[in-house]
Amino acid sequence: MFSFKRHRMLSLAIGGLLAAGIFLGGCGNKSAQVQQQATQVKAMYAIQQNTPLSSDYAGQIKGLQEVKVLPRVSGTIMEKYVEGGQFVREGQPLYKIDSRKYESAVLTAQANLAQSEATLNNAIIDLQRDESLLASAAIAEQTVTTQRAQVRQYQALVDANAALLKKAQEDLDDTVVYSPMDGRVDVNDVSVGTYANAGQTVLMTVGSVDPVYVQFSISETEYLKFLHLHELNSGSADNAIVTITLSDGREYPLSGKLVQADRALSEGTGTLAVKALFPNPRGILLPGMFARVKLSGETVPNAILVPQRAIQQVLDAAFVIVVGEDGKSKVAPVTLGEKVGSYYIITKGVSAGDNVVVEGLTKLQAGMDLSVTEVTGDQMGFTFSNETEKATMGSADTNSATSSSLGGTAK
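For clarity, every value in this text was computed on a predicted model and none was experimentally measured.

J.: So, helix H4 (residues 141–173): which residues are in play, and what are the values?
T.: Here H4 spans 48 Å end to end across 33 residues, near enough to the 48 Å set by a 1.5 Å rise per residue. Its buried side turned inward, H4 meets helix H3 (100–135) and strand E7 (176–178).

J.: Give me the lowdown on the side chain of Asn280, citing residues and values where you can.
T.: Among the structural elements, Asn280 can be located in the loop between strand E14 (271–278) and strand E15 (290–307). In this structure Asn280 comes out as buried when scored by relative accessible area, which is 1%. A polar side-chain atom of Asn280 sits 2.9 Å from the main-chain carbonyl oxygen of Leu285. Setting aside residues no more than four positions away along its own chain, Asn280 makes contact with Val209, Asp210, Pro211, Val212, Tyr252 and Leu285.

J.: Hey, could you go over the pattern of salt bridges for me, with residue numbers and the actual values?
T.: Scanning the model with the defined rule gives 14 salt bridges in all. Residue Lys167 is joined to Asp171 by a salt bridge in which the shortest nitrogen-to-oxygen separation is 2.7 Å. With Lys167 and Asp171 both in helix H4 and four residues apart, the pair spans about one turn of that helix. Counted as one network, the salt bridges with shared partners bring together Lys42, Arg309 and Glu359.

J.: Give a description of the side chain of Lys96 that names residues and reports values.
T.: Take Lys96: it is sitting in strand E6 (residues 93–97). Buried and without a salt bridge, Lys96 has Glu103 as its closest oppositely charged side chain, separated by 5.6 Å. One polar contact links Lys96 to Thr175, side chain to side chain, over a distance of 3.4 Å. Among residues more than four places away in sequence, those in contact with Lys96 are Thr76, Ile77, Met78, Glu79, Tyr81, Thr175 and Val176.

J.: An account of the nonpolar core is requested, with residue identities and associated values reported.
T.: Of all hydrophobic cores here, the largest spans 29 residues; its most connected members are Val69, Ile77, Leu94, Tyr95, Leu203 and Met204. Listing elements by their share of this core, those giving two or more residues are E6, H3, H4 and strand E10 (204–207). The element best represented in this core is H3, accounting for seven residues. Beyond its immediate chain neighbours, meaning those up to four positions away, Leu203 contacts Val69, Pro71, Ile77, Tyr95, Val177, Asn188, Asp189, Val190 and Ala196. One finds Leu305, Ala310, Ala332 and Val358 within the second-largest nonpolar core, a separate group that totals 27 residues.

J.: Residues and numbers for unusual backbone geometry, please.
T.: At the junction of Asp210 and Pro211, the peptide bond is cis and its omega measures out at 0° in the coordinates. Along the chain, Pro211 falls in the loop between E10 and strand E11 (212–219). Within the chain, Ala137 stands out as a residue other than glycine whose phi angle is a positive 60°. One can find Ala137 in the loop between H3 and H4. Residue class for Ala137 comes out exposed when judged on its relative accessible area of 66%. Backbone geometry places Asn302, a non-glycine residue, at a positive phi of 50°. Mapped onto the elements, Asn302 comes out in strand E15.

What counts and what doesn't
Residues numbered from 1 in each chain as written. Predicted model: local features only at pLDDT ≥ 70, side-chain atom pairs only at ≥ 80, totals over all residues. Heavy atoms only, no water. Helix = DSSP H or I, 4+ residues; strand = E, 2+ residues; numbered from the N terminus. Expected span 1.5 Å × (residues − 1). Contact = heavy atoms within 4.5 Å. Buried < 20%, exposed > 50% of the residue type's maximum accessible area, 1.4 Å probe, protein only. Polar contact = N/O pair within 3.5 Å; in protein donor to acceptor, adjacent residues only side chain to side chain. Salt bridge = Lys/Arg side-chain N within 4 Å of Asp/Glu carboxyl O. Lys, Arg positive; Asp, Glu negative; His and termini not counted. Core = buried A, V, L, I, M, F, W, Y, C linked by side-chain atoms within 4.5 Å.

If you want it as structure tokens, here you go:
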């Protein structure tokens, strides 16, 4: 019932515009009609061309890997080998922790091991002698059995002391802290003289710089559309082209590829987090930077394009004013497709040969005589750049839809 009423209201609205034109054309005396001046307008022919579709999103740069460097042993920081913000390689020394007590622990473990090894050797010699005596029935078998158990006990003690020495040596080695990966360290590092607790004190953070992720979010509707176009669920998005524009307005010269999508939509925003991987050989992209992500790949063949500025809307109905063969204005209801920059793809209502009014729409009605100045998309400032779109939005007619940007030349 609601849909029927709404459709009727839309029909009445458009019909009112048409009727207004007829009324104005039919009222007044003939002399007034003769004196009526033709309305000055600018018009351009609807464009027909293969049109790539793209979507823009707000994104943020994130490191591929980020590791917090923690000490494995406790002690006072004696030396620092790198400075905050410096690039480091995997295995490069970062810090030196006071090693004196760990050196002492190694010496103690070595001494204990040597002592237990000597005791074991003596026990083995005694066992060999007892076994010889047993062969000649000079001692009881129980004596040999006891000695064998003694050898096993001393062997276990040697193994334990060897393990303690290994642990002491590892602790001593860990007094030098090494970088776990290639990357750049942050500036929030620990100073010399600080006491570091094993496994607790964050000495510094190392983050990878090449490549990096750009993370952005897409809506549920966009996800379903993208799923159909690029098979995101199978991890194959080879047809998608991902580019980014940095905060200074410059486009990053290298393109990326989609590599990850979250397992579920965010409950708070209803959006899906997506990551694209970008090469970063010069280290231009830093984690935390913001970027405008452009995702493209699908092309609509032979699309009919009309400037967004030319489109007028009443409720949910859209229409344009075209220049009729008799030079009069004519209302043409249209069905809108995807918005591409300054243009809309028109799926119904306009053909490539139609001459569409793009300027002078403020007081224009159906059936009015027109004085037409032919223009092109370039002359009107329509380009493919979204940044240009923002600069030209303010010059649109007040009754037209908000402009975006796409270049094109009238036919």
